[in-house]
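Given next are the chains, with one letter for each unit.
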Amino acid sequence: MKRYNPAELEPKWQKVWADEQTYKAVDFDARPKYYALSFFPYPSGAGLHIGHTRNFAITDVTARAKRMQGYNVLQPMGWDSFGLPGENYAIKTGVAPQVTTKQNTDNFREQCKRLGLAIDWSREFSSSDSDYYKWTQWFFLLLLERGLAYQQESPQWWCETDKTVLANEQVEAGRCWRCGNLVIKKNLKQWFFKITDYADRLVDDLDDLDWPEGIKLMQRNWIGKSKGAKVEFRILDNEDSVNAFTTRPDTLFGATFMVLAPEHPLIVTITTAEHKAEVEAYVSEATRKNEIERQEEAAKEKTGVFTGAYAVNPVNGENIPIWTADYVLMGYGTSAIMAVPAHDQRDNEFATKFGLPIIEVVQPPAPSEGCYSGEGLLVNSAGYNGMQSAEAREKIVADLQASKKGSEQVNYKIRDWLISRQRYWGAPIPVVHCTVDGAVAVPKEQLPIELPVLEKFQPSGDGQSPLALATDWVNTTCPTCGGPARRETDTMDGFACSSWYFLRFADPKNGTEPFAKDKVEYWAPVDMYVGGAEHAVMHLLYARMWTKVMQDAGMISFNEPFKALKNQGMLLAADGQKISKSKGNDIKPEEIIEQGYGADSLRMIVLFLAPFDMSTPWSNEGLAGVFRFLQRVWTISQNFITSETPHNSEAEGELYAAAHRAIKKVSHDIEHMAYNTAISALMQFTNELYTIEKKYSFAAHEAWQFALDTLTQLLAPFAPHITEELWADLGKKGGVHNSIWPIHDEAYLVEHVLKIAVQVNGKLRGEIEVAHDATQEVIVAEAQGHENVAQYLSDGIKKTIYVPGKIVNFVV
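Once a new chain begins, its residue numbering starts again from 1 and follows that chain's sequence as written. In keeping with the predicted nature of the model, local features appear solely for residues at pLDDT of at least 70, side-chain atom pairs appear and are counted solely at 80 or more, and the whole-chain, interface and lining totals rest on all residues. Processing note: side-chain calculations cover all non-hydrogen atoms of the structure and skip hydrogens and water entirely.

(A) Here's a closer look at the pattern of salt bridges. Note on definitions: salt bridges are taken to be side-chain nitrogens of Lys or Arg within 4 Å of carboxyl oxygens of Asp or Glu. According to the stated counting rule, one finds 43 salt bridges in the structure shown. Note that arginine 114 is salt-bridged to glutamate 594, the shortest N-O span being 2.8 Å. Linking arginine 114 in helix H4 (residues 97–114) with glutamate 594 in helix H18 (residues 589–608), this pair joins segments that are 480 residues apart in sequence. Categorising residues by exposure relies on relative accessible area from a 1.4 Å probe, with only protein chains included: less than 20% of the type maximum marks a residue as buried, more than 50% marks it as exposed, and the intermediate range marks it as partly exposed. For arginine 114, a relative accessible area of 25% gives the class partly exposed. Across the salt bridge formed by lysine 665 and aspartate 669, the nearest N and O atoms sit 3.2 Å from each other. Separated by four residues within a single helix, lysine 665 and aspartate 669 lie in helix H20 (residues 652–671), roughly one turn from each other. Looking at lysine 665, the relative accessible area reads 38%, which means it is partly exposed. Among the charged side chains, a salt-bridge network with shared partners connects Asp27, Asp120, Arg123, Asp507 and Lys519. Elements are defined by DSSP. Helices are runs of H or I of four residues or more, strands are runs of E of two residues or more, and each kind is numbered from the N terminus.

This is the structure:
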């Protein structure tokens, strides 16, 4: 019998697929389209790891099944090759990123092919290809034209390790998202995209997306949309006033002091001579700390100093003291708060420490301890007493608006997206700086602004990109006046390139525009997008914004990039730790393949261990078990192929029933991404075939052919190589992945044989099998004739009780 050898058959079929371009997608095909995509991977020097395998297998199984189900499927692959990961690897190895990126990309591509992924490789590109980032630069200019890109000097997060600024979204608990080290604030002139202009749409459009609720919640929280009021507090004996945003204007009567951030510009002008020295010392100390330090220290103990100035509470005319404290941060809201210590925990702690008044203005519905922040009846609030707080909010805002002391306002936590990077390995920003005309956009016909090859590409750490040293590249002429100018030396955040790559796959060779509208309208939006949850408020948010910009510019008709988002769970080491190279517990896919298990076993085990969205420990035992299952499929198929058993119809009913049960179950589970239970159903189906073979050998040839054809087709999305070989061995033409997915027939799912329990005086004495349409008379007669039952009926039967399809009970 022919032996199952993955090392021989897997490369064989990978070559056939490549030679025949089996998975090349067809534009404008008459079949319904399906666009399946894995997150844009960056080609690290370490190569693909086992986590990538799970991610890609999820996408690939669905793509393969959809293709067999009659869809025109696009599953492309490209490389997110710009940015910190690729650059840091180049710095570590001392080899230019142009060289290391190509090496890493070649390695990743080869690994993907060894996994048997159904990729349309004709659409492959890297974000560091100039004919790709040319269009990223083009989109920068589009954003600039539409007033959505601007340059501004302001304090920004700075990573001293990576020598670059970071967007707010790239700082996690005060640490750099890449290196994990603490960040600081640095005053720099940077480029921004106005993602805040899209805040409302980014929140509202989440409702219609088939995304995990956790991801949607993270985006809503990050955007932080809140409805409230902007309230003007006039400063006593001063022409200035200070605005505070509050979501609880119903608590205004309880505002007993104000707090300004130490960096607030009014601190200098309102501080009295008596308090000047103390305030200056406090401000100097506070501004030396980064925001994370300030927040951490404030959580332990509040600090602050009185400025000597007072503000007038607009609802009651009370003079309330103005303090400065480092728990209020510059750039958040108005950088000033109205402090309501009876109903806000931070304000309560501050007031308690410094002996400031605490006035309850919202009475809770039931007694509560500490400061109460919920809804209730207003007290100590003049004419609003007795109102429910929600009603009072509306009335107080209306009255403030009428007296021009405040207005209704929607506020957001999100800040504009900082896209400048003081690094080398990124798309150059298409702007030149002229002493006459200032910042000038490079004309689109001059794109791409190619990244020059540098011998020294290490970051300087002085706030400038290494590109600043490339004088021949930097020095240029102004497109407006023709005078001398300098190129912008900051490069774009790598997330700019990944904000639109999924659209380029629809038209990857287009040299005259980012993509043809008709091709993008045919393929996009992406039907299923698979990747990790770590990019919830980075890539996923940025890609949504860019899609809306393109819709506004008339480039596309849709407003969201990804219809369905699926987050895979992590594969963990046996001790529950994350698998990673740094921990010394990483698992390389090719190592498993080369151990003899092959890619099919690897693909199946990463999906069989647990539901796809659940983190789970890796299992060598499970891998061996899946390999044994594939050997069993191989063996029963080869035994059938070589058998010469004469025809016998007895096995037909059981074979067709088993096959149609499997079709129904596996089809349902793949549609609902329940891959682990689909594989379990395939194992059960295989066990049933072995049981039937043991009873009847390979009689009922046509039924056996159907059953094994079906098993091969249902297994094909999971194990594409072995099934391709078996399909050919079973005498089929055209390849299993070009075959039509089987459809179950409900008629075969009706149980043809019923198992009936037989009792005597309520005690089980036997079991009979009868045809599903047998009459009661026949069933009772069969029960009476059962060898074990008959001995209990010798004294005669007083009564016979029949529960249809289940039980016959003889009362004696």
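(B) Inspection of the side chain of threonine 136 at higher detail. Relative to the helices and strands, threonine 136 resides in helix H5 (residues 130–145). By the criterion applied in these results, polar contacts are pairs of N or O atoms within 3.5 Å in which, for protein atoms, one can donate a hydrogen and the other can accept it, and in which residues neighboring in sequence qualify only through two side-chain atoms. A distance of 3.0 Å separates a polar atom in the side chain of threonine 136 from a polar atom in the side chain of tryptophan 500. It only takes one pair of heavy atoms within 4.5 Å for two residues to be counted as in contact. In this structure threonine 136 touches Met492, Ala496, Cys497, Trp500 and Trp546, once residues within four positions along its chain are discounted.

(C) Inspection of the packing of helix H2 (residues 50–68) against H18 at higher detail. The angle between two axes is taken between their N-to-C directions and runs from 0 to 180 degrees, where each axis is a line fitted to C-alpha atoms and a helix contributes only its stretch in contact. Two elements in contact, H2 and H18, have axes whose closest approach is 9 Å; the angle formed by their N-to-C orientations is 55°. Of the possible angle classes, the one that applies to H2 and H18 is oblique. As H2 runs across H18, the sense of the crossing is right-handed. Of H18, the residues touching H2 (which contributes Ile50, Thr53, Arg54, Ala57, Ile58, Asp60, Val61 and Arg64) are Pro589, Ile592, Leu602, Arg603, Val606 and Leu607. Grouping the amino acids of the contact of H2 with H18 by side-chain chemistry returns nine nonpolar, one polar and four charged. Should an angle lie under 35 degrees it is considered roughly parallel, over 145 roughly antiparallel, and from 65 to 115 roughly perpendicular; all remaining angles are considered oblique. Note on convention: near helix rotated counterclockwise from far helix by under a right angle means a left-handed crossing. Clockwise means right-handed. Gly is placed with the polar residues, together with every amino acid not listed as nonpolar (Ala, Val, Leu, Ile, Met, Phe, Trp, Tyr, Cys and Pro) or charged (Asp, Glu, Lys and Arg).

(D) A look at the side chain of serine 389. Within the secondary structure, serine 389 sits in helix H12 (residues 389–402). Overall, the relative accessible area of 1% leaves serine 389 in the buried class. Aside from chain neighbours lying at most four places away, what touches serine 389 is Arg248, Asp250, Glu375, Gly376 and Leu378.

(E) Spotlight on the packing of aromatic side chains. When two rings of Phe, Tyr or Trp (its six-membered ring) have centres within 6.5 Å they constitute a pair, described as stacked for plane angles under 30 degrees, edge-to-face for angles over 60, and tilted for the intermediate range. Here the structure, examined in full by the defined rule, presents 48 aromatic pairs. When the centroid spacing of 5.5 Å and the interplanar angle of 50° are considered together, the rings of phenylalanine 139 and tryptophan 546 count as tilted. With a gap of 407 residues between them, phenylalanine 139 in helix H5 and tryptophan 546 in helix H17 (residues 539–552) connect regions that are remote in the sequence. Both residues of the pair, phenylalanine 139 and tryptophan 546, count as buried. Across the ring face of tyrosine 327, the terminal group of lysine 302 is positioned such that the distance to the ring centre comes to 5.6 Å. In this structure, arginine 544 packs its charged tip against the face of tryptophan 211, placed 5.9 Å from the ring centre. Any Lys NZ or Arg CZ found within 6 Å of a ring centre and within 35 degrees of that ring's normal is scored as a charge over the ring.

(F) Representation of the packing of helix H19 (residues 620–642) against helix H22 (residues 701–715) in the model. With their axes 11 Å apart at the nearest point, H19 and H22 run at an angle of 150° to one another. Relative to H22, the element H19 is oriented roughly antiparallel. Viewed along their axes, H19 and H22 form a crossing whose handedness is left-handed. Between H19 and H22, the contacting residues are Phe629, Leu630, Val633, Ile636, Ser637 and Phe640 on the first element and His701, Trp704, Gln705, Leu708, Leu711 and Leu715 on the second. The class makeup of the residues in the contact of H19 with H22 is nine nonpolar, three polar and no charged.

(G) The arrangement of the sheet that holds strand E3 (residues 149–159) in detail. In short, DSSP must find at least two bridges between two strands for them to pair. In spatial order, the strands read E4-E3-E7-E17; together these four strands make up an open sheet with antiparallel pairing. Each end of this open sheet is capped by a strand with a single partner; those strands are strand E4 (164–166) and strand E17 (417–418).

(H) Quick peek at the pairing of E3. Bridge count between E3 and strand E7 (residues 184–193): 10 bridges; the pairing is antiparallel. Directly across from glutamine 151, in E7, lies its bridge partner tryptophan 191. Across three bridges, the pairing between E3 and E4 is antiparallel. Bridge pairing in E4 places tryptophan 157 opposite leucine 166. Connecting E3 to the antiparallel partner E4 that follows it, the hairpin turn spans four residues, and lysine 163 within it adopts a positive phi of roughly 55°.

(I) Structural detail: the sheet that holds strand E2 (residues 72–74). The strand order across the open sheet built from four strands is E2-E1-E24-E25, with neighbouring strands paired in parallel fashion. Looking at the sheet topology across the chains shown, the edges are occupied by E2 and strand E25 (562–567). Each adjacent strand pair in this sheet contributes to an overall mean axis angle of 20°, direction not counted. Strand direction decides the pairing type here: strand E1 (residues 33–38) and strand E24 (residues 526–531), joined by three bridges, are parallel. Along E24, the bridge assignment pairs serine 38 with valine 530.

(J) Layout of helix H21 (residues 675–696). The first and last C-alpha atoms of H21 sit 31 Å apart over 22 residues, in line with the 32 Å expected at 1.5 Å per residue. Among all positions of H21, only Tyr675, Asn676, Ala678, Ile679, Ala681, Leu682, Met683, Phe685, Thr686, Leu689, Tyr690 and Ile692 are buried. Contacts made by the buried residues of H21 are with H2, H18, H19, H20 and H22. A positive backbone phi angle near 60° is found at serine 697, which sits one or two residues after H21. By this rule, a helix spans an expected 1.5 Å times one less than how many residues it contains.

(K) Up close: the environment of glutamate 153. Mapped onto the elements of the fold, glutamate 153 is located in strand E3. Residues glutamate 153 and glutamine 190, spaced 37 residues apart in sequence, show a C-alpha to C-alpha distance of 6.1 Å.

(L) Structural detail: unusual backbone geometry. The peptide bond linking leucine 447 to proline 448 adopts the cis configuration, its omega dihedral lying at 5°. Structurally, the position occupied by proline 448 is in the loop between strand E20 (438–441) and helix H13 (471–474). The residue after alanine 524, namely proline 525, is reached through a cis peptide bond having omega 0°. Its place among the elements puts proline 525 in the loop between helix H16 (517–523) and E24. Despite not being glycine, phenylalanine 28 has its phi angle at roughly 60°, a positive value. Although it is not a glycine, lysine 163 sits at a positive phi angle of roughly 55°.

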